[in-house]
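# Report on the structure
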Amino acid sequence: MPVDELSEVEPWLRFGAFVAIFVAVAVWEALAPRRRLRWSRARRWPHNLGLLALDVIVVRLLAPGAAIGVAVLAAAEGWGLLHALALPEWVAVAFAVLALDLAIYGQHILFHRVPLLWRLHRVHHTDTDFDVTTGTRFHPVEILLSLGIKCAVIMLLGAPPLAVLIFEVVLNVTSMFNHANARLPDAVDSWLRWLLVTPDMHRVHHSVVGREMNSNFGFNVPWWDRLFGTYRAQPLAGHSEMRIGVEGFDAPDEVRLSRLLVQPLHEPDPGPLPFQKEHA
Ligand SMILES: [Zn+2]
Ligand SMILES: [Zn+2]
């Protein structure tokens, strides 16, 4: 397919894949739930999905088709490592998809380590439940920053436009799959997590426990966590009992979209003072 047509099909391909996988994961969650949800879907989903809608609008307004656009430009100008190497196309595509996945693994660690970036990424983590809509819950400023980083990586790498298209669609799909509040048979999970980040593997990353939250940073393939020593197999408290979220952000009001948008500006609620605990 000519590169300029890729930019046109990309939003539709992403949207189609989104709807199909969203429905499939939601049905799977209803049939085989992994944990009891703290809040009903009716209470949480409009806010998490509202944030997603806002993200889509912000990106469409400020930087429509930016990632593919940069890849098309790099291809036309011969910019980046892969154009200099002139590898066979399929090798370049496979290499670029993996390199982009490694880049967002590194970016994810950065968003946990740098306090200002953590405030933005924290919006994803303060969901006190973990389900398909958690995978769509990111602050618009985090989305724009990641898009900027992704464009820089695409340019340096000279990632082929087809690789960017595959990466965007796959990331969309896996993000909903690996946030599923759904049960995979243990044998399937332990086999599958050599190839893909499974819901049980990523759920560990949503624990309130610091050392669990700072593990399993991978989004698509689990290899970077295993390679760089950030892999943690299971949460200490078990999947049904573990607490999900961030300390100080579990008030009922925190689920609201209006709250999520300004949450990066807020300090965590320190909880009841010692004397209030005594009298509680
Ligand atoms: Zn994270
Ligand atoms: Zn997550």
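Refer to the preceding data block for the structure.
A brief report on the enclosed structure follows. Residue numbers here run from 1 along each chain, matching the order of that chain's written sequence. Ligands are numbered from 1 and chains lettered from A, in the order in which they are written. Per-residue local features of the predicted model are confined to residues with pLDDT of at least 70, and side-chain atom pairs are confined, for both listing and counting, to 80 or more; whole-chain, interface and lining totals are unaffected and use all residues. Processing note: side-chain calculations cover all non-hydrogen atoms of the structure and skip hydrogens and water entirely.

### A short note on the coordination of the zinc ion (ligand 2)
A 2.8 Å cut-off from the metal defines N, O and S donors, relaxed to 3.2 Å for Na, K and Ca; water is not in the atom list, so some sites may appear incomplete. Protein coordination of the zinc ion (ligand 2) is provided by H124 (NE2), H179 (NE2), H202 (NE2) and H206 (NE2), with donor distances spanning 2.1 Å. Given 4 donor atoms and angles of 90 to 163 degrees at the metal, the environment of the zinc ion (ligand 2) is assigned as irregular. When the donor residues of the zinc ion (ligand 2) are listed from N- to C-terminus, their spacing reads H-x54-H-x22-H-x3-H. The rule is simple: take the accessible area with a 1.4 Å probe, protein chains only, and divide by the maximum for that residue type; under 20% is buried, over 50% is exposed, in between is partly exposed. Since its relative accessible area comes to 0%, H179 is described here as buried. For H202, a relative accessible area of 1% corresponds to the buried category. Under this scheme a four-donor centre is tetrahedral when all angles range from 85 to 135 degrees, a four-donor centre is square planar and a six-donor centre octahedral when opposite donors are above 155 degrees with the rest from 65 to 115, and any other centre is irregular.

### Observations regarding a nonpolar patch on the surface
Residues qualify for a patch when their relative accessible area is over 30% and they have no salt bridge, like charges being joined within 9 Å and the nonpolar side chains of Val, Leu, Ile, Met, Phe, Trp and Tyr within 5 Å. Only the protein chains shown count as cover for residues, with accessible areas throughout obtained via the Shrake-Rupley method and a probe of 1.4 Å. The term salt bridge refers to a side-chain nitrogen of Lys or Arg lying within 4 Å of a carboxyl oxygen of Asp or Glu. Where nonpolar side chains cluster on the molecular surface, the patch consists of W12, F15, V19, V23, V27 and L31 and spans about 670 Å² of accessible area. Along the chain, the position of L31 falls in helix α1 (residues 3-31). Each helix is a run of DSSP H or I of at least 4 residues and each strand a run of E of at least 2, with the numbering of both proceeding from the N terminus.

### Some thoughts on the pattern of salt bridges
For the structure on display, the rule yields 11 salt bridges. Put simply, E247 and R243 hold a salt bridge, and the shortest N to O gap is 3.3 Å. E247 gets classed as partly exposed once you look at its relative accessible area, which sits at 46%. Notably, a salt bridge pairs E254 with R259, separated by 3.2 Å at the nearest N-O pair. Its relative accessible area of 8% is what places E254 among the buried residues. Look at the salt bridges and you will find they share partners, linking R14, K150 and E168 into a network.

### Quick word on the coordination of the zinc ion (ligand 1)
Within the protein, H108 (NE2), H112 (NE2), H121 (NE2), H125 (NE2) and H205 (NE2) serve as the donor atoms for the zinc ion (ligand 1), at 2.1 to 2.2 Å. Written as a sequence motif, the donor residues of the zinc ion (ligand 1) are H-x3-H-x8-H-x3-H-x79-H.

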